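Descriptive analysis of the structure
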Amino acid sequence: MGTPDIAVSVLEALAKEHEVVLAVSQPDKPKGRGGRTQPTPVKEAALALGIPVFQPGRVRSETCMAELRKYHADVIVVIAFGQIIPKEILEMTPYGCINIHASLLPKYRGAAPINWAILDGEDETGVTIMFMAEGMDTGDILAQRATPIRLDENAAQLFDRLAQMGAELLVETVAGIEARTVKAAPQDESRASHAPMLSREPSPMDWSRTARQLHDQVRGLYPWPAAVTAVDGVRCKILRTALGEDAG
């Protein structure tokens, strides 16, 4: 179950090692100036792999539930699907639903973990494979893999790296679930933090902040909503910065 580009690498990696009986994606939507309906990235990838595609308008509907039951799946993998998964689906398969999250949970639960890790000046992040629960990114952890955040790396570049890492770790974890060698561990609630959806609120650059903080702001908000400042009264987006040797 997935919709955007980040889910494609996961689908492709999973399909190489396991039988994917169904791909579930959001309905197609109009895009571009002409408003032509375009298939979701996951739908395109699934059809290219010969995998059936199902696109429910409401995942909570009984029609959706009935369709999913037809496939008798062992496990459901969810990444960036775009709708809240109800309890009935979470408990539908023998091995439940597993999810890839782009942080080292319980840190940075929520919609924008990659961006906020950079904005907060973190030196490290990673990916987590977990069982899904009814709370926001609160399920038991199955596997994690950490990686340094490079000082010259923006959110889009880190996104691509973590997507590949997540795909590789997911394939290993599914194999471990099948072999019963993977054990789930509860999250430490005392270490939990949140990564809310991005808005334009953090975009304006405050030049009283340190060079490192401004650099992190530019990297963390790329490509959207982007850091902004005024130059001779003109609002400008700042898309790239570099730290000097004496930057603090």
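Everything below is about the structure shown above.
Since this is a predicted model, take the numbers as computed values, not measurements.

Focus: the side chain of threonine 125
The residue threonine 125 is located in strand β7 (residues 124-131) in this model. Looking at threonine 125, the relative accessible area reads 3%, which means it is buried.

Some remarks on the pattern of salt bridges
Enumeration according to the criterion identifies 13 salt bridges in this entry. Arginine 69 is the salt-bridge partner of glutamate 88, the closest N and O atoms lying 2.3 Å from each other. Of this pair, glutamate 88 sits in helix α4 (residues 87-90) while arginine 69 sits in helix α3 (residues 62-69), placing them 19 residues apart in sequence. In this structure, arginine 219 and aspartate 216 form a salt bridge, with 2.7 Å as the shortest nitrogen-oxygen distance. Taken together, the residues span about one helical turn, with arginine 219 and aspartate 216 both in helix α7 (residues 211-220) at a distance of 3 residues. Comparing arginine 219 with aspartate 216 shows no difference in burial state: the two are buried. Counted as one network, the salt bridges with shared partners bring together Asp123, Arg212, Asp216 and Arg219.

Quick notes on the side chain of glutamine 187
Mapped onto the secondary structure, glutamine 187 falls in the loop between α6 (155-179) and α7. Accessibility expressed as a relative area gives 9% for glutamine 187, which makes it buried. Residues within four places of glutamine 187 in sequence aside, it is in contact with Leu105, Pro106, Arg109, Met130, Asp137, Thr138, Gly139 and Ile141.

Points about the packing of helix α1 (residues 5-17) against α6
Relative orientation of the contacting elements α1 and α6 amounts to 30°, with a least axis distance of 9 Å. Considering the angle they form, α1 stands roughly parallel to α6. Here α1 runs over α6; the crossing is right-handed. Residue-level inspection shows Ile6, Ser9, Val10, Ala13, Leu14 and Glu17 of α1 in contact with α6, the latter providing Phe159, Ala163, Ala167, Leu170, Val171 and Val174. For the contact of α1 with α6, the per-class residue count stands at 10 nonpolar, 1 polar and 1 charged.

About the thresholds
- Residues numbered from 1 in each chain as written.
- Predicted model: local features only at pLDDT ≥ 70, side-chain atom pairs only at ≥ 80, totals over all residues.
- Heavy atoms only, no water.
- Helix = DSSP H or I, 4+ residues; strand = E, 2+ residues; numbered from the N terminus.
- Buried < 20%, exposed > 50% of the residue type's maximum accessible area, 1.4 Å probe, protein only.
- Salt bridge = Lys/Arg side-chain N within 4 Å of Asp/Glu carboxyl O.
- Contact = heavy atoms within 4.5 Å.
- Axes fitted to C-alpha atoms, helices over the stretch in contact; angles between N-to-C directions.
- Parallel < 35°, antiparallel > 145°, perpendicular 65-115°, else oblique.
- Left-handed = near helix turned anticlockwise from the far one by under 90°.
- Nonpolar A, V, L, I, M, F, W, Y, C, P; charged D, E, K, R; others polar.

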